[in-house]
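Listed here are the chains, written in short residue letters.
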Amino acid sequence: MPRAKNPDKYKTLPCTECGAKCCRYVAIEIDTPKTKKQYDDVRWYLLHENISVFVDHDNNWHIEFKTRCRSLADDHRCIEYDTRPQVCRDHGWPIGSCEFFDSPYKLRFDSVEAFERHMDKTGKNWRYKRRPKTTKD
Ligand code: SF4
Ligand code: SF4
């Protein structure tokens, strides 16, 4: 698949041109959901505001928190540049590997409805069934 932008024309990371896309979220890898409990957990994540779940091009699942870094200045520069975390130093290298150049999403769910529609299309029996309440509950 051709890249949205050609990395060959960049000698350094185009962070100013990008507008600091990678400083506006936190993404954590999660277990690939395989059980009804895990599918239900994904529904739970997506019921919260500013949460998305996505699958990357290596089929790894992630939860994403849409939240702007406190160290991002209005001109898209990092005010912690010299002491920024290692994950920030590594992100984008080699040039062409970050989201400025290509979408990192193979699948992305921004709502519980979108996730449920996707799961229904898979034909899997994925919905979590609660046990009926008893007098002991
Ligand atoms: S590393 Fe990539 S995504 Fe992050 S600000 Fe720079 S160009 Fe944008
Ligand atoms: S510490 Fe700096 S480079 Fe890292 S996310 Fe925050 S603004 Fe971006």
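See the structure printed just above.
Residues numbered from 1 in each chain as written. Chains lettered and ligands numbered in written order. Predicted model: local features only at pLDDT ≥ 70, side-chain atom pairs only at ≥ 80, totals over all residues. Heavy atoms only, no water.

With the rule as written, the count across this model stands at 9 salt bridges. With a closest N to O distance of 3.0 Å, Lys37 and Asp41 form a salt bridge. Of this pair, Lys37 and Asp41 both sit in helix H2 (residues 36–46), 4 residues apart, which is roughly one turn of the helix. Looking at Asp41, the relative accessible area reads 21%, which means it is partly exposed. Where Arg127 meets Asp120, a salt bridge forms, and the shortest distance between an N and an O atom there is 3.1 Å. On the basis of relative accessible area, Arg127 is assigned to the partly exposed category, the value being 37%. (Salt bridge = Lys/Arg side-chain N within 4 Å of Asp/Glu carboxyl O. Helix = DSSP H or I, 4+ residues; strand = E, 2+ residues; numbered from the N terminus. Buried < 20%, exposed > 50% of the residue type's maximum accessible area, 1.4 Å probe, protein only.)

Below, the discussion takes up the site of ligand 1. Taken together, the residues surrounding ligand 1 are Pro14, Cys15, Cys18, Ala20, Cys22, His91, Cys98, Glu99 and Phe100. When atom positions are compared with the pocket grids, ligand 1 is found to occupy the largest pocket. In terms of residue class, the shell around ligand 1 is built from 7 nonpolar, 1 polar and 1 charged. (Near = heavy atom within 4 Å. 1 Å grid on protein atoms, 1.4 Å probe; cavity = no way out; pocket = protein on both sides within 12 Å on 5 of 7 lines; lining within 4 Å. Sits in = over half its atoms within 2 Å of the grid points. Nonpolar A, V, L, I, M, F, W, Y, C, P; charged D, E, K, R; others polar.)

On to the environment of Asn50. Within the secondary structure, Asn50 is located in the loop between H2 and strand E2 (51–55). Linking Asn50 and Ile95, residues 45 residues apart in sequence, is a C-alpha distance of 28 Å. Not counting chain neighbours up to four residues away, the residues in contact with Asn50 comprise Glu64, Phe65 and Lys66. (Contact = heavy atoms within 4.5 Å.)

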